Amino acid sequence: MNLSRCHNFRDFRELARRRLPSPIFHYIDGAADDELTYRRNTAAYEACDLVPNILAGVETVDMSTTIFGKKLAMPVYCAPTALQRLFHPDGERAVAHAAEKYGTMFGVSSLGTVSVEEIGAMIETPKMFQFYFHKDRGLNDSMIDRAKAAKFDVMALTVDTITGGNRERDLITGFTSPPRLTFKSLFSFAARPRWAVNYLTHPKMELPHLQDHVQEGTNLATSIGSYFSTMLDQSMSWKDAEAIRAKWGGHFALKGVMSVADAKRAVDIGCTGIMVSNHGGRQLDGSRSPFDQLAEIVDAVGDKIDVICEGGIQRGTHVLKALSLGAKACSGGRLYLYALAAAGQPGVERALGLMREEIERDMKLMGARTIADLNRGNLRFR
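All values reported here derive from a predicted model rather than from experimental measurement.

Rules used in this analysis
Residues numbered from 1 in each chain as written. Predicted model: local features only at pLDDT ≥ 70, side-chain atom pairs only at ≥ 80, totals over all residues. Heavy atoms only, no water. 1 Å grid on protein atoms, 1.4 Å probe; cavity = no way out; pocket = protein on both sides within 12 Å on 5 of 7 lines; lining within 4 Å. Points joined across faces, edges and corners; volume = space filled by probe spheres on them. Helix = DSSP H or I, 4+ residues; strand = E, 2+ residues; numbered from the N terminus. Axes fitted to C-alpha atoms, helices over the stretch in contact; angles between N-to-C directions. Left-handed = near helix turned anticlockwise from the far one by under 90°. Contact = heavy atoms within 4.5 Å. Nonpolar A, V, L, I, M, F, W, Y, C, P; charged D, E, K, R; others polar. Phe/Tyr/Trp six-rings, centres within 6.5 Å; stacked < 30°, edge-to-face > 60°. Buried < 20%, exposed > 50% of the residue type's maximum accessible area, 1.4 Å probe, protein only. Salt bridge = Lys/Arg side-chain N within 4 Å of Asp/Glu carboxyl O. Pairing = 2+ DSSP bridges. Right-handed = clockwise from strand over helix to strand, strands pointing away. Core = buried A, V, L, I, M, F, W, Y, C linked by side-chain atoms within 4.5 Å.

Caption draft 1: Representation of empty space enclosed by the protein in the model. Applying the stated rule across the entire model yields five cavities of 30 Å³ or more. Size it by volume and the largest cavity reaches roughly 510 Å³. Lining the largest cavity we find 32 residues, and of these T81, H279, R282, G333 and R334 sit closest to its centre. Here the second largest cavity defines a volume of roughly 110 Å³.

Structure representation (structure tokens):
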């Protein structure tokens with residue numbers, strides 16, 4: 001199997017599975033507890049049917065959208081995810097260039113492996129910095145100041161990682177960052193020599209936003225669950241979120257909002273957007289899917305802030321369903337991470353290109369010339 005034979009999300013996932021050592025693949029692929037929420041995130045779209053219109057004159061369609069004051073050429077962007085250079089040596093550099101090619105936004109994580117300074121100088125496409133609220137206030141101030149100086153357009157405070165989710169696959173495989181060789185994991189690393197050669201011959205993977213403040217993740221091996229539980233500040237409150245928004249001073253979003261009450265509170269503290277998200281099912285198993293929760297949140301605050309639907313998106317039709325409910329855009333991590341692991345920048349470009357083709361084709365089949373033509377009249381729930 002090679003990149004040219006990847007035609008959909010499942011194909012990229014399979015190619016990534018073949019190329020990554022087991023602990024690293026399962027870090028991307030896994031979720032919390034019994035992974036019920038992870039599966040429901042996609043299954044929710046399957047319980048919704050599209051009702052197309054005809055004879056709409058759809059020779060050309062405009063799939064652009066505007067979020068956080070920035071126009072995107074397509075209504076899907078690359079959500080911020082951690083540790084990307086573990087999956088491919090180019091990591092965030094590859095994703096950033098691919099996002100720019102397709103005119104969409106790219107998000108960089110606090111646990112990113114390429115600095116905001118490098119990404120800011122590298123691309124002109126809109127950029128989001130994802131912020132984890134650490135116990136170390138000096139680290140928090142440093143990350144905000146660096147992202148601001150690098151001219152990032154949006155800051156997104158992740159609010160659903162107050163403690164680490166129970167990611168049992170990571171416990172079974174022994175996944176850590178940096179990777180720790182054990183008797184159990186040795187064979188899986190040895191069985192993927194291409195990954196091992198890339199990891200050992202490229203510059204050492206670092207966490208540039210953290211390494212001057214903490215050793216965990218760069219010099220000391222740790223699991224992501226352990227990092228969240230020990231390094232992040234579990235006392236984080238609405239007052240803290242409002243203070244971060246004020247210090248940032250620009251477009252500001254909360255990532256991980258799932259209730260109407262919290263969405264309204266986000267408006268009250270001055271957010272300009274929210275990501276309706278359950279962290280890809282990696283935190284609270286049994287929580288509701290973003291798509292299932294989207295309509296009531298849009299009805300409550302959709303006229304006041306940008307509502308983004310994040311989680312479980314694998315097809316262009318999933319995007320159209322979320323937009324029809326009132327989301328301004330969609331985002332995802334796995335939708336490009338498997339492609340990154342499979343083939344670097346060409347993989348991410350192919351994944352985004354296929355998603356763009358699906359959205360364009362499906363808009364034509366729906367009789368929608370613009371995103372504004374999509375509405376709830378186009379949907380029926382089983």
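Caption draft 2: Up close: unusual backbone geometry. Put simply, S177 and P178 share a cis peptide bond, and its omega is -5°. Topologically, P178 is positioned in the loop between α8 (168-173) and α9 (183-190). In this model, K151 sits at a positive phi of 65°, which is unusual for a non-glycine residue. Within the secondary structure, K151 sits in the loop between α7 (137-149) and β7 (154-158).

Caption draft 3: Examining the packing of α7 against helix α12 (residues 238-248) more closely. With their axes 10 Å apart at the nearest point, α7 and α12 run at an angle of 35° to one another. Once α7 is placed against α12, the crossing between them reads as right-handed. Side by side, α7 and α12 meet where D141, I144, D145, A147 and K148 of the first sit next to I244, K247 and W248 of the second. Residues belonging to the contact of α7 with α12 are distributed by class as follows: four nonpolar, no polar and four charged.

Caption draft 4: Summary view of the packing of aromatic side chains. Scanning all chains against the criterion turns up 10 aromatic pairs. With 6.2 Å between their ring centres and 35° between their planes, F25 and Y338 make a pair best called tilted. Highlighted residues: F25 in helix α2 (residues 22-29) and Y338 in helix α16 (residues 334-366), separated in sequence by 313 residues. F25 gets classed as buried once you look at its relative accessible area, which sits at 3%.

Caption draft 5: Here's a closer look at the pattern of salt bridges. Scanning all chains against the criterion turns up 18 salt bridges. Put simply, E14 and R17 hold a salt bridge, and the shortest N to O gap is 2.7 Å. Taken together, the residues span about one helical turn, with E14 and R17 both in helix α1 (residues 9-19) at a distance of three residues. Note that E35 is salt-bridged to R169, the shortest N-O span being 2.9 Å. Placement of the pair is E35 in the loop between α2 and α3 (36-46) and R169 in helix α8, with a sequence separation of 134 residues. A relative accessible area of 11% means that E35 is categorised as buried. Within this structure, R13, D29, E35 and R169 form a network of salt bridges that share partners.

Caption draft 6: Seen up close, the pairing of strand β11 (residues 329-332). Alternating residues of β11 divide into A329 and S331 and C330 and G332, and every residue in both groups is buried. The sheet contact formed by strand β4 (residues 76-78) and β11 spans three bridges and is parallel. Paired with Y77 across the strands is S331, a residue of β11. Here strand β10 (residues 306-310) pairs with β11 via three bridges, running parallel. Bridge pairing in β11 links C309 to C330. In this fold, β10 hands off to helix α15 (residues 316-325), which returns the chain to β11; that crossover is right-handed.

Caption draft 7: Region of the structure containing the nonpolar core. By size, the foremost hydrophobic cluster in this structure holds 114 residues, and its most contacted members are L83, F87, I274 and L294. No other element matches the 16 residues that α16 contributes to this core. In contact with I274, other than residues within four places in its own chain, are A253, L254, V257, A263, A266, I297, V301, I305, D306, V307 and I308. Core analysis: the second largest hydrophobic core is formed by 12 residues, L72, A156, M275 and I308 among them.

Caption draft 8: Expanded view of α15. Most of α15 sits out of view: nine of its 10 residues are buried. Within α15, burial applies to G316, H318, V319, L320, K321, A322, L323, S324 and L325.

Caption draft 9: Representation of the layout of surface pockets within the structure. Volume-wise, the largest pocket comes out at about 460 Å³. Lining of the largest pocket is provided by 21 residues; of these, V159, D160, I162, G256 and D262 occupy positions nearest its centre. Broken down by secondary-structure element, the contributors of at least two residues to the lining of the largest pocket are α12 and β8 (251-257). Counting residues per element, the lining of the largest pocket draws most heavily on β8, at three residues. A breakdown of the residues in the lining of the largest pocket according to their chemical character gives 10 nonpolar, nine polar and two charged.

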